[in-house]
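Each chain, written out:
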Amino acid sequence: MPTLDAPEERLRKFKYRGKDASMRRQQRMAVSLELRKAKKDEQALKRRNITNFSPDPASGQLTKGVSLTLQEIINGVNASDPDLCFQATQEARKMLSQERNPPLKLIVEAGLIPRLVEFLKLSPRPCLQFEAAWALTNIASGTSEQTQAVVEGGAIPPLVELLSSPHMTVCEQAVWALGNIAGDGPEFRDLVISSNAIPHLLALVSSTIPITFMRNITWTLSNLCRNKNPYPSVKAVKQILPVLSHLLQHQDSEVLSDTCWALSYLTDGSNERISQVVNMGVLPRLVQLMSSSELNVLTPSLRTVGNIVTGTDHQTQAAIDAGMLNVLPQLLMHPKSSIQKEAAWALSNVAAGPHQHIQRLIACGMLPPLVALLKNGEFKVQKEAVWTVANFTTGGTIDQLIQLVHSGVLEPLVNLLTIQDTKIVIIILDVISFILQAAEKLSEKENLCLLIEEMGGIDKIEALQLHENPQVALTALNIIENHFSEGEESGTVLPALDQDHEFLNRLTKQYQDPGVLRFQAGISCARHPAGGRGKPRPQVPIPARPNPGRQRSPAARRAPPRPAPTCPRARARTQARGRTARARAGPGRHGGGSARGSGRRRRRKRRGRRASGSEEVVVAATEAEAAAPDWARLGAGEGRGRRVEGRSPGSTILPPPGRLGRGVCVPARTPAPSPEP
């Protein structure tokens, strides 16, 4: 008779037999990834009302409220009697408007699209035009193949013509259909633009139209601005921007949300495209909307301003002058981590600028919330905060560096040395090394070493000498040998702080006065008695550290950013973009970046400046920059602080699905009697 513990014995004998821990972990990760992908796909299909629905066409009525079978509808649509055509088209629309499992595929395969397109041209029968446009709208809300069937059926030109219809309901339905087509991708978007849809859409914007109509127009305009490869034409952008600037003053949250998303798409590109938006004077209003209590307005406005500060120093200064830094401290403490991450990403690009930008950052009280995020934030937020500190460290003056250390930044940085992300660990090690070298120039390295030792930093750095990543191990070894080893005193100057380096030239000139502010052993923690603790460690000769030309891969900054989006409007966070005088690569961003699709962000500027998204960097060390850590030499050929193109903070924040519109879960209208136009 089996004992009660027999099942446990079986599990012990067979469950993990022949499998080591790493193999079991890989299997768990693979299974977990499959489950997440399946769940994402299911959610995307639910948003778009697509499921494995295949009823038998001969089985009679397909849905409640539809009085005709599919075959009767086909016969009616192809009939010559206008009244019969209207009745059959209305029944087809009701089928396509049902909340669950609309039979989009069946209608497409039945060959009804060409006939529906013909009905769009029957101006004496506005009711039939309305029903046909409604049916085509819902078909275009399906898969890309179904949208393509609508386009290939010749629907775009007659839909554009309907934008001039005297019947508002017909006109609004045409707007919605064109929005669904444009939201599918850049190819169909450009087809809509080339059909001269933009002037007709802009002519509809008026304070007298119903708010639902205004929302539809704004959403369609946002779809005409989205998608890269290629971007919308410069001519189209110039046409749309004045109206977007006007809509930014609207009071409706949905209109504001779609307007801000449209601007975020337009700023997710080159510096010239950013200039087009900045020159419209929209920055003060965008900064004002960053204080909105409604998340659907706050998220895209923050994303847009974040994209702008990946541009030139002049564009970043414009955002600062508009009051951006006055709002960011509250956003760094926002209850949603996705907002914290977007705010930290934007802040890191500001910190990648000249020391004047860094001083404004300090004056606006950014350091306390930044340190709080390093201590207690989610890891995706901590990574953005680390980039901010890295950019701050290499771009600030010695006095600004002292303020950074006094804010208590070292302790959370040391604690993050145990994370698994090797790229972030290398950045933290380089930041610590840079601070130690600066402290040595102030003759305060001993006190700073004692402080790091108190925090447990020496043990963590020593442990990293055995790290599996050779770059981490080498960086940790150099720190120990250069700053914490005990041996014969030597006057060798650290090669990384050559006297020709601009940073140290400023430091030496500014701090020759013995009365100047100096590093103290008690920075960010209790002060030690005079003389400090422990035996002094004399300097030892330090070999020149090789530069492996480390680069950040696109995966490094995928946030994000700105989350792999699954819906058609997902925002990617990839491209890299140049920035005068600095480099840093979006979320995301969102790259960067959440249900609106993939919010694209950019890479960081030079000196680590990122724009949400992919993390490709250009490592070009010049003599003037040879003293900077590896991550600080991004885009060196373009001048200190030059940003690289855009990434989006990972894209944890995505705009609502592009083809559904207005955040509605169901792309089709609910079945109801068609109103008379």
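Bear in mind the structure is a predicted one, so any value in this text is a computation, not a measurement. Numbering of residues starts from 1 in each chain and follows the order in which that chain's sequence is written. In keeping with the predicted nature of the model, local features appear solely for residues at pLDDT of at least 70, side-chain atom pairs appear and are counted solely at 80 or more, and the whole-chain, interface and lining totals rest on all residues. Only heavy atoms go into the side-chain values, all of them from the structure, while hydrogens and water stay out.

Undergrad: So what exactly am I meant to see when it comes to unusual backbone geometry here?
TA: For residues that are not glycine, phi is negative in most cases, and the peptide bond is trans in most cases. The omega torsion across asparagine 229 and proline 230 is 0 degrees, close enough to zero to call that bond cis. The phi dihedral of asparagine 229 falls on the positive side, at around 55 degrees, and the residue is not glycine. Residues other than glycine seldom take positive phi values, yet serine 443 does so here, at roughly 60 degrees. Put simply, DSSP marks the helices as runs of H or I at least four residues long and the strands as runs of E at least two long, and each gets a number from the N terminus on. Mapped onto the elements of the fold, serine 443 is located in the loop between α27 (422-441) and α28 (445-454). Burial classes: relative accessible area under 20% of the type maximum marks a residue as buried, over 50% as exposed, and values in between as partly exposed (1.4 Å probe, protein chains only). By relative accessible area, which is 58% here, serine 443 ends up exposed.

Undergrad: I tried to follow the pattern of salt bridges on my own but got confused; where do I start?
TA: Any two side chains of opposite charge can pair if their charged atoms end up close together. A pair is scored as a salt bridge if a Lys or Arg side-chain nitrogen falls within 4 Å of a carboxyl oxygen belonging to Asp or Glu. Within the structure shown, the criterion is met by 13 salt bridges. A salt bridge links glutamate 131 to arginine 93; the shortest N-O distance between them is 2.7 Å. Of this pair, glutamate 131 sits in helix α7 (residues 126-140) while arginine 93 is found in helix α4 (residues 82-96), placing the two residues 38 residues apart along the sequence. The two residues glutamate 131 and arginine 93 agree in class, both being buried. The network of salt bridges with shared partners includes Arg215, Asp252 and Glu254.

Undergrad: Help me out: how do you make sense of helix α25 (residues 398-406) in this one?
TA: Given 3.6 residues per turn, any residue in an α-helix points the same way as the ones three and four places further on. Where α25 is concerned, the buried positions are Ile398, Gln400, Leu401, Ile402, Leu404 and Val405. Downstream of α25 by a residue or two, glycine 408 has a phi angle that is positive, lying close to 95 degrees.

Undergrad: What is the right way to look at the side chain of lysine 228 in this model?
TA: Tracing the backbone shows lysine 228 in the loop between α13 (211-225) and α14 (234-247). Polar contact criterion, stated in full: a pair of N or O atoms within 3.5 Å, where within protein one must be able to donate a hydrogen and the other to accept it, and residues adjacent in sequence count only if both atoms are side-chain atoms. Polar side-chain contacts of lysine 228 include one of 3.1 Å to the side chain of aspartate 268.

Undergrad: Looking at this model, I keep getting lost on the UniProt feature "repeat: ARM" (unreviewed entry) in the protein chain. Mind explaining?
TA: The residues that UniProt annotates with the feature "repeat: ARM" (unreviewed entry) are residues 111-154, 154-182, 281-323 and 365-393. Measuring from the first to the last C-alpha atom of residues 154-182 gives 14 Å, for a span that is 76% helix and 0% strand. Between the C-alpha atoms that bound residues 365-393 there is a distance of 17 Å. The span itself is 86% helix and 0% strand. UniProt positions are given in the numbering used here, feature names are shortened, and annotations may be inferred rather than shown by experiment.

Undergrad: Got a minute to help me understand the packing of aromatic side chains in this structure?
TA: The description of two aromatic rings rests on the distance between their centres and on the angle between their planes. Each pair of aromatic rings taken from Phe, Tyr and Trp, with Trp reduced to its six-membered ring, is defined by centres within 6.5 Å and is described as stacked if the planes are under 30 degrees apart, edge-to-face if over 60, and tilted in the remaining cases. Throughout the structure, instances matching the rule amount to two aromatic pairs. Plain terms: the ring middles of phenylalanine 130 and tryptophan 134 are 5.4 Å apart, the flat faces sit at 75 degrees to each other, and that makes the pair edge-to-face. Of this pair, phenylalanine 130 and tryptophan 134 are both found in helix α7, four residues apart, which corresponds to roughly one turn of the helix. Taken individually, phenylalanine 130 and tryptophan 134 each receive the classification buried, so the pair is uniform in this respect. A ring pair is formed by tryptophan 261 and tyrosine 265, whose centres lie 6.4 Å apart and whose planes are at 20 degrees; its orientation type is stacked. Highlighted residues: tryptophan 261 and tyrosine 265, both in helix α15 (residues 253-266), separated by four residues, approximately one helical turn. On the accessibility criterion, tyrosine 265 (7% relative accessible area) is buried. Over the aromatic face of tryptophan 134 sits the side chain of arginine 93, whose NZ or CZ is 4.1 Å from the ring centroid. Here, a charge over a ring means that NZ of Lys or CZ of Arg falls within 6 Å of the ring centre while also lying within 35 degrees of the ring normal.

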